[in-house]
Structures are given as C-alpha cells and as structure tokens.
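# A structural walkthrough
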Amino acid sequence: MTRISDSVESICYALRALRSEVLQFHFDYPLEIDPNAGPKESLHYYLYSERLSWAIMTMDPTGVPRARIRLAGVVYKPAYIAWWGLVQLGHFLRHHDQASRESFLKQVDWLESHAVIRADGSVVWTNNFDVLHGKTLLKSPWISAYDRAW
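Keep in mind that what you see is a predicted model, and the values were worked out from it rather than measured.

Calculation criteria
Residues numbered from 1 in each chain as written. Predicted model: local features only at pLDDT ≥ 70, side-chain atom pairs only at ≥ 80, totals over all residues. Heavy atoms only, no water. Axes fitted to C-alpha atoms, helices over the stretch in contact; angles between N-to-C directions. Helix = DSSP H or I, 4+ residues; strand = E, 2+ residues; numbered from the N terminus. Parallel < 35°, antiparallel > 145°, perpendicular 65-115°, else oblique. Left-handed = near helix turned anticlockwise from the far one by under 90°. Contact = heavy atoms within 4.5 Å. Nonpolar A, V, L, I, M, F, W, Y, C, P; charged D, E, K, R; others polar. Expected span 1.5 Å × (residues − 1). Buried < 20%, exposed > 50% of the residue type's maximum accessible area, 1.4 Å probe, protein only.

As a further point, take the packing of helix α2 (residues 78-95) against helix α3 (residues 98-113). Their axes nearest at 8 Å, the elements α2 and α3 cross at an angle of 155°. Accordingly, the angle class assigned to the pair α2 and α3 is roughly antiparallel. For the pair α2 and α3, the sense of crossing is left-handed. Contact residues: α2 offers Pro78, Ile81, Ala82, Trp84, Gly85, Gln88, Leu89, His91 and Phe92, while α3 offers Gln98, Ser100, Arg101, Ser103, Phe104, Gln107, Trp110 and Leu111. Of the residues belonging to the contact of α2 with α3, the class tally is nine nonpolar, seven polar and one charged.

The structure is reproduced here in structure tokens:
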C-alpha cells in the first residue's frame, strides 16, 4: 500500500512540476538588496525577499527543510538549509516574530551538528545523495560548495 501511495505522490509531484515549468515559468526573481547589510556588526544578509517560492521544500518533523530533487527524492541540502535560515533571520529582523527566530536557530543547529571537520581543519557540509549536474555525476558524499541552494 505504501509503495502505491509513494508512486501516486511522485506522479502528482511530477505533474505539478510540469505544469509549473511549462505554464507558469517566469524570470522575475523577487530579491531585494538589503541596505542594512555590510557592517561587521549587522545581522542582515545582502539579499532579502518576502515573496520567494519554496515549491521544492518539504519540512521534516523538527522544522528543517528538505528539498525534493527529481532523481534523488526528498533530501537534506546544506545550501538550501542555510538559505532558509538566512531568510528566517531576515524575517525576524524585519518583523520581530519569535517563530522566525526559532526557525533560524533550528537551521543553525542543524548546520552545526552536520558539519564535517576534515583532517586539514577545514569545515564542509556534505550532500548525501548522487546528482547529475550537467554531464557530471556527483557521487555521495559531495561537498555543498558545489551546490546551489535551490
């Protein structure tokens, strides 16, 4: 029964993605430059938006976002989690709502607990799924520096 349910969910997701990419595709990306960013003491990030689309996002039970990737399924992507955290911090700084602050701190906790310290002392985050980027197959685990947030 679960296998049929998963298949139906996958087909529904594929149809929504097809509709979105074919019928609703557009180039405008609603980002604003935050003039408060820059000074060392500022918590503001350089870009902000109240209108970003999070269509590929699904939350885990703890409030950490996962991304739905066509061939990999639902996965944790450190770059995506960091971006979600920055957006939540931006919401908190503008609206002073505790839910955004708590969400930001959850993302920080996740990133902190999933950091990998290498032998040379560098810190990286890994993507633990295989993905095809153009003609290059990135095999798990590959570092998130090769990734994009979306």
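This part is about α2. Residue pairs spaced three or four apart in an α-helix point in one direction, given the helix's 3.6 residues per turn. Taking 1.5 Å of rise per residue, the 18 residues of α2 would be expected to cover 26 Å, and the 25 Å separating its terminal C-alpha atoms lies within 8% of that figure. Burial runs high along α2: 14 of the 18 residues are buried. Positive backbone phi, approximately 55°, marks His96, located one or two places after α2.

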